[in-house]
Amino acid sequence: MKYLVKKQPSGRKKIQVAAFSLVEVTIALGICAFAFLTMMGVLAVGMNANRDTVGQTKAAAVARSVVADLLEMDDWDVTSNPGPESRRYRIIQVLSSSASAGPQTIYVTEDGEEVPQNDSDYRIDITFGAQLTNQPPSVHIAVSWPGAAPSSTNWPENTFGTYEVRTTLRPL
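All of the points below concern the structure found in this document. (Residues numbered from 1 in each chain as written. Predicted model: local features only at pLDDT ≥ 70, side-chain atom pairs only at ≥ 80, totals over all residues. Heavy atoms only, no water.)

**Focus on the overall build of the protein chain**
Phase 1: From N to C terminus, the protein chain includes 1 helix and 6 strands.
Phase 2: Written out in order from the N terminus, the α and β elements of the protein chain read β-β-α-β-β-β-β.
Phase 3: The buried share among the 172 residues of the protein chain stands at 30%.
Phase 4: Residue pairs in contact within the protein chain that sit at least 24 positions apart in sequence constitute 40% of those at least 6 positions apart.
Phase 5: Put simply, the protein chain shows about 11400 Å² of open surface, and 58% of that area lies on carbon and sulfur atoms. (Helix = DSSP H or I, 4+ residues; strand = E, 2+ residues; numbered from the N terminus. Buried < 20%, exposed > 50% of the residue type's maximum accessible area, 1.4 Å probe, protein only. Contact = heavy atoms within 4.5 Å. Areas by Shrake-Rupley, 256 points an atom, 1.4 Å probe, with all protein chains shown as cover.)

**Focus on the pairing of strand 5 (residues 138-145)**
Phase 1: Counting buried positions over the 8 residues of strand 5 gives 8, a clear majority of the element.
Phase 2: Of the two faces of strand 5, the one holding Ser138, His140, Ala142 and Ser144 and the one holding Val139, Ile141, Val143 and Trp145 are both buried throughout.
Phase 3: Here 6 bridges tie strand 4 (residues 122-128) to strand 5, and the two strands are oriented antiparallel to one another. When the sheet's bridge partners are listed, threonine 127 is paired in strand 5 with histidine 140. (Pairing = 2+ DSSP bridges.)

The values reported here are purely geometric and, on their own, carry no functional implication.
Okay, structure coming up:
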């Protein structure tokens with residue numbers, strides 16, 4: 001607060017207080033409120049972007065673990081259908097020309113541990129593509145989250161995000 005001291009003609013000192021008017025204070029509060037609300041809106045967008053990024057990063061790690069599991073299969077039998085089963089997730093190699101070539105669905109936690117659907121963080125759908133003679137198969141892996149939300153009739157509409165990988169598996 002600022003004090004103004006004025007000398008009066010009578011020799012007495014008059015003290016006046018310098019202050020903002022009610023209109024100035026109201027305008028300042030309006031500007032501050034607008035700035036605060038704008039910052040809160042930007043913060044909400046940033047939090048959503050962060051949540052999506054974390055989900056995508058974890059989904060990529062889950063997809064990598066599925067690819068690693070498929071690559072660790074001892075024998076890629078390109079003549080039998082269904083083929084061998086992977087060790088960790090028990091994914092069965094099914095050629096796309098087979099009648100049972102629909103996606104194989106697995107529910108996992110963010111650490112990649114297989115769990116029942118209601119306890120899952122991620123849903124993984126694995127579909128084997130067309131396979132040339134004596135060649136490793138192509139595979140499409142779709143990881144969506146949250147895993148427990150979608151049912152088979154409305155997947156992937158009720159998901160927050162989906163991470164998809166399509167690759168040809170070449171065993172090490």
